Amino acid sequence: MADRANFVVVRESGECELYLSRWGAVGLDLDLLAGPAEALSMVQCLGVDDWWLDDVYCQGAALIDLGQKVLLLFVWEGPSTVMRYRTATLELLREAWPGWDVRWAYDGPAELRTYLGLDPEHVRDRGRGTSCGPLLEPEDEELVDPEPMAAVVTVGSDRCYVVANVADHPIREGAALLHRLSGGPEHRMCRVSADVGIHIDPLQRRVGWWVLGVSAEAYEMPERWPDWTVEFWQDSWQEHVRLAPGQFQPPPVDHERALAEIRAAARRRREASQNQVTEA
């Protein structure tokens, strides 16, 4: 199975070059830790391609704007999408790209096209509908994993549910999500390192949500919740903890350890890549 990625290079002249990698999405965030020069060299080895991957098939992307010094990126899978590594990875990226504006593209490839002034609908798949992950029981074996594929959903001040994060973000279900949760397995408190989350306040008709990866149409979620106030917290799971302290309490993050582990992972990846070149 491929892990496809798009790369875009915007030259100082404004000229835009599109590249395609069929095996470059997983580890893309680690690759970019090499800095601008190495990243540009890596991308140019791919060869220019005119194929924009869509919301369904684009598993990672990076836009490098040499004139404005903007790095816009996202991945489906990598340390930057893991709670205990998220902050550390972005911090190291900003160190590796000094003077650059490092941004996360929460809306996937559509956000890259919007940045370029291109029509985001070109990479949309509006006809695919919404896919819902199943509700997990408190004793589900998936939740034993240190980094489970889980979405935490809290309702009001006393209800907590966990949804398998194997499909769309629960925010895409709209208020119908409340009906699906009704009678579902409740958790006393979610203590796992979730990938995504949503807090629903039925009395105030407010909903807030966050994601460490991407969610197609991320900035259009208010349309799925008519008559509700929808707040997009981007990657701020801490806001969820603040509003639902008795319902969501993930493990503490050891920032210094995370920094060290990400540096080590990036070093191993570079060494493996160099060994492949030498063997070739």
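Up top you'll find the structure we're talking about.
Residues numbered from 1 in each chain as written. Predicted model: local features only at pLDDT ≥ 70, side-chain atom pairs only at ≥ 80, totals over all residues. Heavy atoms only, no water.

Observations regarding the overall build of the chain
Part 1 of the argument: Scanning the chain from N- to C-terminus turns up seven helices and 10 strands.
Part 2 of the argument: What you see for the chain is a C-alpha radius of gyration of 19 Å, in line with the 19 Å of a compact globule of 280 residues.
Part 3 of the argument: Projected onto the principal axes, the alpha-carbon positions of the chain cover approximately 55 × 40 × 35 Å.
Part 4 of the argument: When each of the 280 residues of the chain is scored for burial, the buried share is 50%.
Part 5 of the argument: Considering only intrachain contacts with a sequence separation of at least 6, the fraction spanning at least 24 residues in the chain is 69%. (Helix = DSSP H or I, 4+ residues; strand = E, 2+ residues; numbered from the N terminus. Rg over C-alpha atoms; globule rule 2.2 N^0.38 Å. Buried < 20%, exposed > 50% of the residue type's maximum accessible area, 1.4 Å probe, protein only. Contact = heavy atoms within 4.5 Å.)

Some details on the sheet that holds strand S10 (residues 229–232)
Part 1 of the argument: Spatial strand order, S7-S6-S8-S9-S10: five strands in an open sheet with mixed pairing. Strands with a single pairing partner mark the edges of an open sheet, and in this sheet they are strand S7 (159–164) and S10. Along the sheet, successive strands turn relative to each other by an average axial angle of 15°, direction set aside.
Part 2 of the argument: Here six bridges tie strand S6 (residues 150–155) to S7, and the two strands are oriented antiparallel to one another. Bridge pairing links valine 153 to tyrosine 161 in S7. (Pairing = 2+ DSSP bridges. Axes fitted to C-alpha atoms, helices over the stretch in contact; angles between N-to-C directions.)

Some words on the side chain of glutamine 247
Part 1 of the argument: Within the element layout of this structure, glutamine 247 appears in the loop between helix H6 (237–243) and helix H7 (255–279).
Part 2 of the argument: A polar side-chain atom of glutamine 247 sits 3.5 Å from the main-chain carbonyl oxygen of valine 155.
Part 3 of the argument: Residue contacts for glutamine 247: discarding those within four places in its chain leaves Thr154, Val155, Gly156, Ser157, Asp158, Arg159, Cys160, Met189, Cys190 and His199. (Polar contact = N/O pair within 3.5 Å; in protein donor to acceptor, adjacent residues only side chain to side chain.)

Digging into the layout of surface pockets
Part 1 of the argument: Taken as a whole, the largest pocket holds about 990 Å³ of empty space.
Part 2 of the argument: Along the wall of the largest pocket there are 39 residues; nearest its centre are Trp76, Met149, Asn165, Ala167 and Val214.
Part 3 of the argument: Class assignment for the residues of the lining of the largest pocket results in 20 nonpolar, 10 polar and nine charged.
Part 4 of the argument: Of the pockets and cavities examined, the second largest pocket occupies roughly 690 Å³.
Part 5 of the argument: Together, 21 residues line the second largest pocket, and Asp31, Met42, Arg269, Arg270 and Ser273 are the ones closest to its centre.
Part 6 of the argument: Elements that contribute at least two residues to the lining of the second largest pocket include exactly helix H1 (28–31), helix H2 (36–44) and H7. (1 Å grid on protein atoms, 1.4 Å probe; cavity = no way out; pocket = protein on both sides within 12 Å on 5 of 7 lines; lining within 4 Å. Points joined across faces, edges and corners; volume = space filled by probe spheres on them. Nonpolar A, V, L, I, M, F, W, Y, C, P; charged D, E, K, R; others polar.)

Notes on the pairing of S6
Part 1 of the argument: Within S6, six of the six residues are buried, which leaves the element mostly enclosed by the surrounding structure.
Part 2 of the argument: The alternating pattern of S6 places Ala150, Val152 and Thr154 on one face and Ala151, Val153 and Val155 on the opposite face, and all of these are buried.
Part 3 of the argument: The turn linking S6 back onto S7 is made up of three residues, and glycine 156 within it adopts a positive phi angle of 60°.
Part 4 of the argument: Across five bridges, the pairing between S6 and strand S8 (residues 196–201) is parallel. Its bridge partner lying in S8, valine 153 is registered against isoleucine 198.

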